[in-house]
Amino acid sequence: MPRSCGTIRAVAALGLSLACAGAFAYTGKVVRVVDGDTVVIAADGRQSTVRLAEVAAPKQGQAFGDRARQALAGLCLNASVEVTPRQDPYGNAVAQVQCQGRDAGEAQVREGMAWVYREFSQNPGRLYALEQEAQAAKR
């Protein structure tokens, strides 16, 4: 759970995962992959659903949804991860997630399993380059 955010601790005690500006990174373990851009992380005796920052992937039931979920599971499922939480401009909790030393969002874009969420990208140059590389390679 983020260790800053003052009053958010009370909400976090209810098992809700919230991020805020200046939240600290934490470590945990991915216990479930929901789809190509969402994981469930166990940390400090709690489980939190975490959406990858800056990327979007097809959901279950959509074209390539299962493949995107499987790709993220291959990288992150049962792995120890470092999570850096933050909020998108609409206040939704998102996070950078490092799985096996790799940024999970970047990995999904590189493999053609996700695309850059242009409205919310804080690192568009790098992510756009990975997206273009995946498109050129027809991934």
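Below is a short write-up of the structure. (Residues numbered from 1 in each chain as written. Predicted model: local features only at pLDDT ≥ 70, side-chain atom pairs only at ≥ 80, totals over all residues. Heavy atoms only, no water.)

The sheet contact formed by strand E1 (residues 26–35) and strand E5 (residues 80–87) spans 4 bridges and is antiparallel. The partner of Gly28 across the bridge, within E5, is Val81. Here E5 runs beside strand E6 (residues 93–99); their pairing, made up of 7 bridges, is antiparallel. Residue pairing in the sheet places Glu82 in a bridge with Gln98 of E6. Where E5 folds back onto E6 in an antiparallel hairpin, the turn is made up of 5 residues, including Gly91, whose phi is positive at roughly 90°. (Pairing = 2+ DSSP bridges. Helix = DSSP H or I, 4+ residues; strand = E, 2+ residues; numbered from the N terminus.)

Another point: the environment of Thr49. Relative to the assigned elements, Thr49 resides in strand E3 (residues 46–51). With a relative accessible area of 51%, Thr49 lands in the exposed category. Separated by 10 residues in sequence, Thr49 and Val39 place their C-alpha atoms 5.8 Å apart. (Buried < 20%, exposed > 50% of the residue type's maximum accessible area, 1.4 Å probe, protein only.)

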